[in-house]
Amino acid sequence: MKAKYITGNTVLDLGTDVPFVANNTVVAINPNTSTARTVQFGASAAGPFSTGVQPDGSAAIVPAGGAIEVVLRERYAAIEAGAGTVILLAN
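A. Structural context of the pattern of salt bridges. Applying the stated rule across the entire model yields 1 salt bridge. Its salt-bridge partner being D13, residue R75 comes within 2.7 Å of it at the nearest N-O pair. A residue pair is termed long-range when its members are at least 10 positions apart, and R75 in the loop between β7 (67-71) and β8 (76-79) and D13 in strand β2 (residues 12-13) qualify at 62 residues. Residue classification places D13 among the partly exposed positions, given a relative accessible area of 33%.

Here it is in structure tokens:
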């Protein structure tokens, strides 16, 4: 199991190594139990960023204290509004 963390207003470079490459699906966990977090992706660390999606096409909004599957759309990941932490897990 491999993990990467998107934290606060820092843009995360997912790199070019499997399993964190575009079009792979990972689990996104939101450890905050009071606020949902929206995962965004961009082709450049400077943006623009757009809301990620789940495998069913719905928005990648990780519920408070919950987890969802997210399709990695681009190389760079961020949290909308730049607050909190989202943990990305993959095999």
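B. The arrangement of the environment of T38 in detail. Mapped onto the elements of the fold, T38 is located in strand β4 (residues 37-42). When the C-alpha atoms of T38 and A64 are compared, they prove to be 11 Å apart, with 26 residues separating the residues in sequence. Each residue touching T38, except ones within four places of it in the same chain, is listed here: T51, A60, I61, A78, I79 and E80.

C. Layout of the sheet that holds strand β9 (residues 85-90). Spatial strand order, β1-β9-β3-β7: 4 strands in an open sheet with antiparallel pairing. The sheet terminates laterally at β1 (2-7) and β7, the two strands that pair on one side only. The sheet shows a mean angle of 30 degrees between the axes of neighbouring strands, taken without regard to direction. Pairing of β1 with β9, which is carried by 6 bridges, proceeds in the antiparallel orientation. Bridged to Y5 within β9 is I87.

D. Seen up close, the side chain of N30. Position of N30 among the secondary structure elements: in the loop between β3 (25-29) and β4. Of the residues examined, N30 reaches a relative accessible area of 1% and is grouped as buried. At 2.7 Å, the side chain of N30 forms a polar contact with the backbone oxygen of T35.

E. Representation of the pairing of β4 in the model. Counting buried residues along β4, 6 of its 6 residues qualify, which places the element largely inside the surrounding structure. Side chains R37, V39 and F41 of β4 all project onto a buried face; the interleaved residues T38, Q40 and G42 project onto the opposite face, where all are buried too. In this structure, β4 lies alongside strand β6 (residues 61-62), joined through 2 bridges in antiparallel fashion. Bridge pairing links T38 to I61 in β6. In this structure, β4 lies alongside β8, joined through 4 bridges in antiparallel fashion. Pairing of Q40 across the sheet is with A78, part of β8.

Parameters and conventions
Residues numbered from 1 in each chain as written. Predicted model: local features only at pLDDT ≥ 70, side-chain atom pairs only at ≥ 80, totals over all residues. Heavy atoms only, no water. Salt bridge = Lys/Arg side-chain N within 4 Å of Asp/Glu carboxyl O. Helix = DSSP H or I, 4+ residues; strand = E, 2+ residues; numbered from the N terminus. Buried < 20%, exposed > 50% of the residue type's maximum accessible area, 1.4 Å probe, protein only. Contact = heavy atoms within 4.5 Å. Pairing = 2+ DSSP bridges. Axes fitted to C-alpha atoms, helices over the stretch in contact; angles between N-to-C directions. Polar contact = N/O pair within 3.5 Å; in protein donor to acceptor, adjacent residues only side chain to side chain.

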